[in-house]
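Listed below are the residues making up each chain.
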Amino acid sequence: MQEPQARTFTSLELIRLVRNGDRAAAEALFARHLPRLHRWARTRISRSARNHLDTSDVVQDAAFNVFQRLDTFEPRHKGALQAYLRRAVINRLHDEHRRIARTPDDTSLPVDITDDARLSPFDELASAE
């Protein structure tokens, strides 16, 4: 006997279910949109920011924030959620780029540096006095 196939919900149906508190629908929505969003976001991070950002963290943070506000989201066309998620990732990347630009580079010296040099000219003059 063949088992009945599980029904595949559209993203709009999943959004309605999530709004009604269906946690499984939220997980299905994440599973549907995150892989594609992650691949898309990976191409949007500049080379200079790649050392400071983890694409997965940026995408998950943006998606989590969007999914928390799904009650205010109004899908007007097919693909609206993906477009909304992409905009959220772009905004999050801009925030991270601004944060990175404000953070100074690490200019501290290593602890194991030794001073093999002679005294500075001032120190030589002062010790001669």
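Keep in mind the model is a prediction, meaning the values are calculated, not measured.

Some remarks on helix H1 (residues 11–19)
Looking at H1, one finds that the buried residues are Ser11, Leu14, Ile15 and Val18. Down the axis of H1, the buried side of the element spans an arc of 105°, and every buried residue falls inside it. Packed against the buried residues of H1 are helix H2 (23–42) and helix H4 (80–102). Phi for glycine 21, located one or two positions after H1, is positive at around 90°.

Describing the environment of phenylalanine 73
Counting through the fold element by element, phenylalanine 73 comes out in the loop between helix H3 (55–68) and H4. Residue class for phenylalanine 73 comes out buried when judged on its relative accessible area of 7%. Taking the C-alpha atoms as reference, phenylalanine 73 lies 9.1 Å from isoleucine 15; in sequence the two are 58 residues apart. Excluding residues that lie within four positions of it along the chain, phenylalanine 73 makes contacts with Ile15, Arg19, Ala80, Leu81 and Tyr84.

Some thoughts on the nonpolar core
Grouped together as the largest cluster of nonpolar side chains are 27 residues, with contacts concentrated most on Leu29, Leu70, Leu81 and Val89. Those elements giving two or more residues to this core turn out to be H1, H2, H3 and H4. Ranked by residue count, the leading element in this core is H4, at 7 residues. Here leucine 70 is in contact with Ile15, Val18, Arg19, Leu29 and Leu81, once residues within four sequence places are set aside.

What to know about the side chain of serine 11
Turning to its location among the elements, serine 11 is positioned in helix H1. Here serine 11 falls in the buried class, since its relative accessible area comes to 18%. Those residues within four positions of serine 11 in sequence are excluded, and the remaining contacts are Leu29, Arg32 and His33.

Some thoughts on the side chain of glutamate 96
Here glutamate 96 lies in helix H4. A distance of 2.8 Å separates the side chain of glutamate 96 from the side chain of arginine 99, its partner in a polar contact.

So, how was this worked out
Residues numbered from 1 in each chain as written. Predicted model: local features only at pLDDT ≥ 70, side-chain atom pairs only at ≥ 80, totals over all residues. Heavy atoms only, no water. Buried < 20%, exposed > 50% of the residue type's maximum accessible area, 1.4 Å probe, protein only. Helix = DSSP H or I, 4+ residues; strand = E, 2+ residues; numbered from the N terminus. Arc of directions from axis to C-beta. Contact = heavy atoms within 4.5 Å. Core = buried A, V, L, I, M, F, W, Y, C linked by side-chain atoms within 4.5 Å. Polar contact = N/O pair within 3.5 Å; in protein donor to acceptor, adjacent residues only side chain to side chain.

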